[in-house]
Structure formats: structure tokens, C-alpha cells
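Coordinate analysis (summary)
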Amino acid sequence: MTEAAVLLEAPRRTFRDKLFYGFGSVAYGVKDNGFGVLLMLYYNQVLGLPAATVGFALMIVLICDAVVDPILGHVSDNLRTRWGRRHPFMYASILPVALSYLALWNPPSGLSDGQLLTYLIVVAVMVRTFINFYEVPSSALVTDLSPDYNQRTSFLSYRYFFGWWGGLTMNILAFSVFLATREGETAGQLQQAGYQDYAVVASIIMAVAITVSAVGTHRLIPSFRKPPPPRPFDAGRLMRELGATLSNKPFLIIVFAGMFNIMAFGLGGAMITYIRTFFWELTGQQIALITLGNFGSAYVGLLIAPRLSAWLGKKRGCLLMVVAQLVLGPLVYLARFADIMPPNGSDALLAILFVSSFINTTLLVVSGILTTAMIADAVEHGELKTGRRTDGFYFAANSFVASCLNGFGVFGAGLILAFAQFPEGERLGQVGDDSRFRLMVGELLWVADLQLLCVAVV
């Protein structure tokens, strides 16, 4: 525990407080699942934009998002209302999040490729901006909820649990209901109508999750530590503070340790539906079944992260998880390359992919929890160094770096699809062996190289 934290008596928080704080991340999980798993496939294979173009568009979107985040964090830190610094932003995000997410999956018909690309960029920027009106202030709320080193990890464990829970729930609903493969039809994940039905339900769930979290934590506002006097907005000072934040040694270690892992995650997330659909040739229902096991991953990660933090420390525990991902992640691909995997369509293959997904998702959840918990600790270090407590700015600065790098990861996925010479409008079972092989090799090598670089930096 840091010296600053010792000076404060940790307020008594309940299980209910953790539930309300964490539940809001359902909205972010739904958005992340949509952007990371479905959006590339939808605009490429269903709407017909070239994969490299979609990847480039999403990189632009994420970089625009990264520019907005530090400004939002700064304003949140300096807002003073009877509802505190964070809750006004949380309430303001509810309706815009739902409407913009609905619009993302319902572009007007008859658009040219150029118009569709512009629509994708503009609406996706709106979605990510509005969701961050909730996410950045809500993430920073953890330092108001508790100054205790280990209790913060517990709060953030619930946040990650519900984030994964929300994303997985929508993933399962998407592939088992909205994108289900009907008898006599091609793969459901290649049908436009299913995505539009998905968007309606996802938008409602996001709005409900944010509302429940904001209302549920509202009663705790009087117990929050009184913030310092606000400062007027100054663009020059904002950039200097961003530089000071990035020069904070503990925070810098977190950034460099997670930098390449974020890129690997962005690339892997954008590729996973392609791999499952065209390489393993799974139906929507089979993808939903594999995803169902990840609910267990989120729960196991929730239990493991605080214990691993207490045993090894957050940094070493996070590094252990990344190394484990590096070793275990490629095994199913290497087994297929060695021709020892069961054939596509078999129950044995489905069982192996289920177990592999469960293990790798658990490792990812734990590493994510520990990384975010380290940022909360870096806030304390920064306060000792500068005399300022800028919780929202630190979380926004982390989001700035993560969004930029995640954008490059998504762009890399577009390059892999171009490398695989993967045409638009392909159908299940009709992809050539050469394209499937290139798809596997490209994803395997890029992700493994990025994770190796992550370990090397640490």
C-alpha cells in the first residue's frame, strides 16, 4: 500500500457496492464485443467493404477516441457538482450510447463504398465517444470508492467480471439467436438482418446497465474524498499533464508492459470470428457454445486475480499470465499444422476449442484486472510526486494509449486478411485452402510476435 493510501481510512464498502460499480461495465463489454468480434466481419463480409479498408477505418476511429479520452478525463477531474465529479457524465451518456450503437449497425441502404466508409468512421467515433462519457469517469470512480490497495483490486475484479459477462452474453445471443445458421441457409453470421436485430437488443442492454450502475452508486457520493479546487481548461497545460502522466515511472512501466499485449488483443479479437467461421468452419450455434464456456473464465478470473496479486504482486502476476498466453494460445494452430487435430465439424474438435478458449480467456481476464489495478496504484504515486490527484486523467491517459495501439491491432487484422487474399462475400465451406492457411499463419505469427515483445519489454 502506498504512503498516501495509509493516510486514509478505507470506507466500509459492501458486496452490493461492488455489484453496482461493476455492473455498468456490461455496457462497455457489449460495445467491445461488437467492435472487436463482429464489426469487421459485418462491414467486410456482409456489407462488402475491403478488409484492409475496414481495418484502416477502425484504426482512425480508435485514434480519434484516444484524443478525446484525455480531455474527458481532465474535465471529469475538474467538474464540481452536487452529484460529484463522475456521475453527471455517467447519466449524460445513457441515451446517446444506445442511439449511436443502434445506428452503427443500420447504415442507410444504397450507399457507395466511399459513403459507407464515411458513415462507419463518423458513427463509430460517436459510439466510442459516448460510451467513454460513461467508462472514463466510471473507471476513475474506483479511487473514490476505496483508497485501499487490495480493495481496489476487488472492485476492479467485479468491473472486469461484468465487462466480460456483458460481452459474452451478447456474443452468445448474437451467434445462437440473431446470427444462428438456419437449415438450408449459409452461415447466419453472414446475414445482414441478424445484425440489425442484435443492435436493438444490445442498445437496450447498454442503456440499462449504465443506468443501474449510476443510480446504484449515487448514494455513495457523500462518502467520497473531497477533491481539490477545480482548474479551468487549458489545452497547453493538458498536454503538459499528459506528458507528466506518461513520465510517471510506475505508470510508464504499465504502459510499456501492456503496449504490445493490447495490440495482440486487438488483432486477435478482430480475427477470432474469421478464424472460427472460415478456418475451423464453425456454425453460429457452435461459436455460441464455445463462448458460453467463457462465462466460467470470467468467474475464475474474478477469483484468481486478487489472490495472484497478494501472492506474486500485480506486476509479476500479470507477466505470468502473458507468458502463459504466449505458450498456450498457439497450441491448437500448431496441432492443426501438424495434422493431429480432429477434422472440422467433429465433436472432438469442438471440445478442444471449447477448452482452449476457456483457458486463454481466463488468462486474459486476470491480466486485464491486474493491469487496471496497477493504474489505480499509479494514481497514488503521481499524487505524491505532483501534489495533484487526477484519477480520471490517468485512466484516460491509459485509454489514450490503449485505443491507439488497439487501433493498430485492428489495422493489422485487415492486413492479415489482405495477406490471405481473402475476398469479400465468401461463404462457409467455400474458402480455398491457401487462403485458410495464410489466415492461420498470419494470425499466429502476429499475435505471438506481439506477446513476445510484451515479455521482452518487461
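This section reports on the structure supplied with the text. Along each chain, the written sequence defines residue order, and numbers are assigned to residues from 1. Totals for whole chains, interfaces and linings use all residues, but because this is a predicted model, local features are given only for residues with pLDDT of at least 70 and pairs of side-chain atoms are given and counted only at 80 or more. Here the side-chain values reflect all heavy atoms present in the structure, with hydrogen atoms and water set aside.

The next thing to look at is the overall build of the chain. Helix and strand definitions here come from DSSP, where helices need a minimum of 4 consecutive H or I residues and strands a minimum of 2 consecutive E residues; each element is numbered from the N-terminal end. Helices and strands together make up the secondary structure of the chain, namely 17 helices and zero strands. Within the span of the chain, comprising 458 residues, buried residues form 57% of the whole. Should any heavy atoms of two residues lie within 4.5 Å, those residues are counted as being in contact. The long-range fraction of contacts in the chain, counting pairs at least 24 apart against all pairs at least 6 apart in sequence, stands at 84%. The Shrake-Rupley method, run with a 1.4 Å probe, gives the accessible areas here. Residue values count only the displayed protein chains as cover. Carbon and sulfur atoms make up 67% of the accessible area of the chain, which amounts to about 18,100 Å² in all. Each residue's exposure class comes from its accessible area (1.4 Å probe, protein chains only) as a fraction of the maximum for that residue type: buried when under 20%, exposed when over 50%, partly exposed otherwise.

As a further point, take the pattern of salt bridges. Close approach of charged atoms allows side chains with opposite charge to pair. For this analysis, a salt bridge means a side-chain nitrogen from Lys or Arg found within 4 Å of a carboxyl oxygen belonging to Asp or Glu. In this structure the tally under the stated criterion is three salt bridges. Residue Asp32 pairs with Lys31 through a salt bridge whose shortest N-O separation is 2.7 Å. Take Asp32: its relative accessible area is 31%, and that puts it in the partly exposed class. Taking the relative accessible area as the measure of exposure, Lys31 reaches 0% and is therefore buried. Between Glu135 and Arg159 there is a salt bridge, with the nearest N and O atoms lying 3.1 Å from each other. Taken together, the residues span a long stretch of sequence, with Glu135 in helix H7 (residues 113–145) and Arg159 in helix H8 (residues 149–178) at a distance of 24 residues.

It is worth spelling out the packing of aromatic side chains at this point. When two rings of Phe, Tyr or Trp (its six-membered ring) have centres within 6.5 Å they constitute a pair, described as stacked for plane angles under 30 degrees, edge-to-face for angles over 60, and tilted for the intermediate range. Considering all chains together, one arrives at 18 aromatic pairs under this definition. A centroid spacing of 6.2 Å and a plane angle of 35 degrees characterise the contact between Tyr274 and Phe278, whose relative ring orientation is tilted. One end of the pair is Tyr274 and the other is Phe278, both in helix H11 (residues 249–279) and four residues apart, which spans about a single turn. Judged by its relative accessible area of 0%, Tyr274 is buried. A centroid spacing of 4.7 Å and a plane angle of 80 degrees characterise the contact between Phe279 and Trp280, whose relative ring orientation is edge-to-face. Given a relative accessible area of 5%, Phe279 falls into the buried group. Under the relative-accessibility criterion, Trp280 is labelled buried at 3%. Here the aromatic residues Tyr42, Tyr43, Tyr101, Trp105, Tyr195 and Tyr198 are joined through ring pairs into a cluster of three or more. A cation over an aromatic ring shows up here: Lys31 above the ring of Tyr28, its NZ or CZ 4.0 Å from the ring centre. Two conditions define a charge located above a ring, namely a distance within 6 Å from the ring centre to NZ of Lys or CZ of Arg, and an angle within 35 degrees of the ring normal.

These figures come from the coordinates and say nothing about function on their own.
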